[in-house]
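Residue-level structural notes
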Amino acid sequence: MAKTKLDRAGGGALETGRASGSASRRAFIGVFGGPLVFWQGLFFVAPLIFMFVMTFWAVRNYQLSADFTLANWQAILAADYAWDAYLRSALGAGLAAGIATVVAFPCAYYLGLKTTPRVRILGACLIMAPFFTSFLVRTYTWRTMLGDEGVLNAMLGWLGLGPFQMINNLFGSVVGYLTLVMPLVLLLQLFSISGIDRRLIEAAHNLGCNPFQTVFRVIIPGARNGIVLAATFAFVLSFGDLISPQVLGGSNPPTLSILIVDQVRGGLQWPRASVIAVMMVVTLGVLVSLAMAFVYGGSTKRAKRA
Amino acid sequence: MTADASATDDENAALLRFTNVQKKFGDSFAVRDFNLEIGRGDFVAIMGPSGCGKTTTLRMLAGLEHPTAGEIRRNGEMINGLSPWLRRMPLVWQNYALFPFLTVLENVEFGLRNDKVSKIDRRRRASEWLDRLGIGDLGHRSPTTLSGGQAQRVALARALVLEPEVLLLDEPLSALDANMVVRMQTEIAQLQKALGITFVYVTHNQSEAFAMANRVVIMNQGKIEQVGEPLEVYRLPKTRFVAEFVGTNNIIDGTIVSHSPSGVVVETKLGQFVSTNPIDGTLGEASRVHIIASADLVSVSQDRPKDSKNVVTARLIGESFAGTIVILVFEAAGGQELKVQLQQRALQDLSLDPNQEFHLVFEPMDTLVIPSV
Ligand SMILES: Nc1ncnc2c1ncn2[C@@H]1O[C@H](COP(=O)(O)OP(=O)(O)O)[C@@H](O)[C@H]1O
Ligand SMILES: [Mg+2]
């Protein structure tokens, strides 16, 4: 719904642009839009192209040299360890996205619908608070919490349980990913849930849905776009994260991001690292496109049906 | 015999009954001293200016607000605290509140999904209602693509598919254009007759209420001012507020001079008025009252009538035309404004010069006396 409004607003803006049809408007866009385009071109698109080109280069005597060889692609695509790492990264990121989505939802629901606007703003500030400390510091804190001799195991020990291995494995990595993405997921969900028209919720009650049924029949469909975008961002951030698998995941077996570092450290294999990086970029590109198609496609389909 | 009598009593018990219902938001009353009975099959229109508590009353019926005092009963059973999802009293919302993420058909099916109805049956019943309301071809559309009139029909179908005992409507026509309003009015009134369902219809538009309802409730500042059949409320307003709110009424302040079987005589600054209408029994001599005369029941003449009672001499200060109806505005002694509503044809006998003096005649049987509060 918010989406359609945006579309309409966008259409309106375009129309006024046409109506005034002025060069000054184009100049305005140029002045304010230009730097962003320039920035993205210089620091995102150009390196991406360069990275892609580099996948065809060779390394001779620890020296990078321009070339056109498929050897790097063959080496990586044929290596089991690369595919293992790929699946491990995808699994960790998928778990993080799924868990964050499910865990954040009740909190976002409560803050978004059951509190006064004032409490909601306070809640949003608290959600953002973790951004004020470095992520590295937060992951090291988790080490002391989750380590074999850590706080959690000590407490479980009093109950006669454990010790459990909670770091240097997938569990540790996922805890790290969740630490990274939870605030963002919570915020995106909060914004989309608090944007739901209250009358729709009352209409559902009026048509026989108790609050629990209303969650599944109105709130989740109503906040669908925000929930999907939040989960997508969670996956994207976790998939590329290096700190969690290093500090909490133990680096071994590696994820794709660790593999990239290894390739460079081990033999200055920039071209192979680039192959892995391209694989990651393509994966995320496909995923984000699918998510966008899901979110924005829904409303285009609707519009077409008209 | 006695058993029989009590059985009929039960059947005749009001479908809905408000007893001293009150709703406060913080320190202010949205609804107070609310007493009303609504019978089975009634078409009740709740009317009043914006902010007078109409929506709050309807929301209390739907269970979306709970009274802070008093009782609401349905079929004799108290429903004050009953959750909205257990009431089956669907509400047609002012802005429809259709679910934008569902198709039209899915919207109409929505309420049936909590019934134990098979999916096929659900579809069929929803489609039948869409057909019945003339929008059978819109089932697959998104509600965001509908016109106001179409959305209104979807909202009606979504509520009626539940086959409820009571349908609640909150200014359902307020977002439609004038032509559409008249059409939907007719449709809604016919639908209510055909279904025999009780309709509680909130509006701030009197022509809507008078066109459809068999009972109207006039509210002001959270209280009921008057309840009655439309014509009764229109012709016999009980309070100054109702007289001002419905129709076009002339209101003149006065004091009762005498009180006899042949009529009530009221002294006003425009002279004496006689009313042959019954008055509130508590009104004695010297009571302060208002004279109420509907603008369409006052006659205008250029020659002075013989009897001087119930005649006011006034100067024409304006006229406004609405189709074939003309409203003449006069000014009498002391700046008192008086309105006369005439058919366009009746004007041909009068020569209308501004500032000319006319004699306005108030028939005793068309003159009401109500207490001044
Ligand atoms: N949720 C609420 N919180 C506070 N005040 C409210 C609320 N709902 C309604 N009111 C107040 O109650 C009064 C009646 O409102 P409402 O029933 O919506 O009037 P109407 O439908 O006749 O226009 C208004 O003064 C309104 O401001
Ligand atoms: Mg209202």
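Scoring rules and cut-offs
- Residues numbered from 1 in each chain as written.
- Chains lettered and ligands numbered in written order.
- Predicted model: local features only at pLDDT ≥ 70, side-chain atom pairs only at ≥ 80, totals over all residues.
- Heavy atoms only, no water.
- Helix = DSSP H or I, 4+ residues; strand = E, 2+ residues; numbered from the N terminus.
- Buried < 20%, exposed > 50% of the residue type's maximum accessible area, 1.4 Å probe, protein only.
- Contact = heavy atoms within 4.5 Å.
- Areas by Shrake-Rupley, 256 points an atom, 1.4 Å probe, with all protein chains shown as cover.
- Lys, Arg positive; Asp, Glu negative; His and termini not counted.
- Charge placed at Lys NZ, Arg CZ, Asp CG, Glu CD.
- 1 Å grid on protein atoms, 1.4 Å probe; cavity = no way out; pocket = protein on both sides within 12 Å on 5 of 7 lines; lining within 4 Å.
- Points joined across faces, edges and corners; volume = space filled by probe spheres on them.
- Nonpolar A, V, L, I, M, F, W, Y, C, P; charged D, E, K, R; others polar.
- Pairing = 2+ DSSP bridges.
- Axes fitted to C-alpha atoms, helices over the stretch in contact; angles between N-to-C directions.
- Polar contact = N/O pair within 3.5 Å; in protein donor to acceptor, adjacent residues only side chain to side chain.
- Near = heavy atom within 4 Å.
- Buried area = accessible area lost by both parts, 1.4 Å probe.
- Salt bridge = Lys/Arg side-chain N within 4 Å of Asp/Glu carboxyl O.
- Phe/Tyr/Trp six-rings, centres within 6.5 Å; stacked < 30°, edge-to-face > 60°.
- Lys NZ or Arg CZ within 6 Å of the ring centre and 35° of its normal.
- Core = buried A, V, L, I, M, F, W, Y, C linked by side-chain atoms within 4.5 Å.
- Domains from an automatic or database assignment.
- pLDDT = per-residue confidence, 0-100.

In this section: the overall build of chain A. Secondary structure summary: chain A contains 14 helices and two strands in total. Once the C-alpha set of chain A is aligned to its principal axes, its extents read approximately 70 × 70 × 35 Å. Taken over 306 residues, chain A has a buried fraction of 39%. For chain A, restricting intrachain contacts to residue pairs at least 6 apart in sequence, the fraction spanning at least 24 positions comes to 69%. Surface exposure of chain A reaches about 17,000 Å², of which carbon and sulfur atoms provide 72%. In chain A, the 23 positive side-chain charges and the 11 negative ones have mean positions that sit 15 Å from each other.

Looking now at empty space enclosed by the protein. A water-sized probe rolled over the atoms picks out the places where empty space is left. Applying the stated criterion across every chain yields a total of one cavity of 30 Å³ or more. Going through the elements one at a time, α9 (198-206) of chain A together with β6 (91-92) and α5 (148-160) of chain B are the ones with two or more residues in the lining of the largest cavity. With three residues, the single largest contributor to the lining of the largest cavity is α5(B). Among the residues forming the lining of the largest cavity, the class breakdown is eight nonpolar, one polar and one charged.

Residues and elements named next belong to chain B. Taking strand neighbours across the sheet as the criterion, the six strands line up as β6-β7-β8-β3-β9-β10 in an open arrangement whose pairing is mixed. The open sheet has two edge strands, β6 and β10 (223-228), and neither has a second partner. As paired elements, strand β9 (residues 215-220) and β10 share five bridges and run antiparallel to each other. Paired with Ile218 across the bridge in β10 is Gln226. In this fold helix α2 (residues 54-62) packs onto β3 (43-47), β6, β7 (166-170), β8 (198-203) and β9, with an angle of close to 150 degrees to the strand it touches most, β7.

Attention shifts here to the side chain of Asn153(A). Residue and element names in this part refer to chain A. The topology assignment puts Asn153 in helix α7 (residues 151-158). The buried category is assigned to Asn153, whose relative accessible area is 4%. One polar contact links the side chain of Asn153 to the main-chain carbonyl oxygen of Phe164, over a distance of 2.8 Å. In this view, Asn153 contacts Met145, Leu146, Gly147, Asp148, Pro163, Phe164 and Met166; residues no more than four positions away in its chain are not counted.

All names here are of chain B. Around ligand 1, the structure places Phe25, Ala30, Pro49, Ser50, Gly51, Cys52, Gly53, Lys54, Thr55 and Thr56. Between an oxygen atom of ligand 1 and a side-chain N or O atom of Lys54, the distance comes to 2.9 Å. Protein coverage of the free-state accessible area of ligand 1, which is 560 Å², stands at 56%. Among the elements that line the shell around ligand 1, the one with the most residues is α2, at three residues.

Each partner contributes to the interface: chain B provides 28 residues, whereas chain A provides 22 residues. Carbon and sulfur atoms make up 62% of the surface buried where chain B meets chain A, a total of about 2,400 Å² over both sides. Sorting the residues of chain B by area buried against chain A places Trp85(B), Phe101(B) and Phe110(B) first, and these three jointly supply 29% of that buried surface. Joining chain B to chain A, the criterion identifies one salt bridge. Across the pair Arg59(B) and Glu202(A) runs a salt bridge, and its minimum N-O distance is 2.7 Å. Where chain B touches chain A, the interface holds eight residue pairs in polar contact (both at pLDDT 80 or more). Grouping the amino acids of the side of chain B that touches chain A by side-chain chemistry returns 16 nonpolar, eight polar and four charged.

Attention shifts here to the packing of aromatic side chains. Across all of its chains, the model carries 19 aromatic pairs over all chains by this definition. Taking the centre distance of 5.7 Å and the plane angle of 10 degrees together, the rings of Phe241(B) and Phe245(B) count as stacked. Linking Phe241(B) with Phe245(B), this pair stays in helix α9 (residues 240-245), spanning four residues, or about one helical turn. By the ring-pair criterion, three or more aromatic residues cluster together here, those being Trp83(A), Tyr86(A), Phe235(A) and Phe239(A). The ring of Phe294(A) is capped by Arg224(A), whose NZ or CZ atom sits 4.3 Å from the centre of that ring. Geometry around Phe29(B) places Arg32(B) over its ring, the cationic atom sitting 4.1 Å from the centre.

Core analysis: the biggest nonpolar cluster contains 137 residues, and Ile219(A), Phe99(B), Leu156(B), Leu167(B), Leu168(B) and Val200(B) have the highest contact counts within it. Of all the elements, helix α4 (residues 80-113) of chain A adds the most residues to this core, at 13 residues. Setting aside its immediate chain neighbours within four residues, Leu156(B) contacts Val92(B), Leu133(B), Leu167(B), Leu169(B), Met184(B) and Ile188(B). If you look at the next biggest cluster of nonpolar residues, it comprises 29 residues, including Leu283(B), Val300(B), Leu338(B) and Leu350(B).

All names here are of chain B. Residue placement: Leu169 occurs in strand β7. The buried category is assigned to Leu169, whose relative accessible area is 0%. Sequence separation between Leu169 and Arg74 is 95 residues, and the spatial gap between their C-alpha atoms is 18 Å. Non-local contacts of Leu169, meaning those with residues more than four positions away in its chain, are made with Leu58, Leu91, Val92, Leu156, Phe199, Val200, Tyr201 and Val202.

This part takes up the domain arrangement of chain B. Assigned domains within chain B: domain 1 (11-235) and domain 2 (249-371). Placing a centre on the C-alpha atoms of domain 1 of chain B and another on those of domain 2 of chain B gives a separation of 39 Å.

What follows is about the confidence of the model for chain A. All names here are of chain A. Averaged over every residue, the pLDDT of chain A is 88; the share at 70 or more is 90%. In this model, residues 1-19 is a region of pLDDT below 50 whose contacts with residues beyond four sequence positions or in other chains number nine contacts. The model gives residues 302-306 a pLDDT under 50, and that stretch makes 10 contacts with residues more than four places away or in other chains.

Within a beta sheet, neighbouring strands are joined by backbone hydrogen bonds and run either parallel or antiparallel to one another. Residue and element names in this part refer to chain B. An order of β15-β19-β16-β17-β18 is seen for the five strands of this open sheet, with the pairing classed as antiparallel. The open sheet has two edge strands with one neighbour each: β15 (298-301) and β18 (337-343). Between one strand and the next, the sheet's axes are offset by a mean angle of 45 degrees, whatever the strand orientation. Pairing of strand β16 (residues 311-322) with strand β17 (residues 325-331), which is carried by seven bridges, proceeds in the antiparallel orientation.

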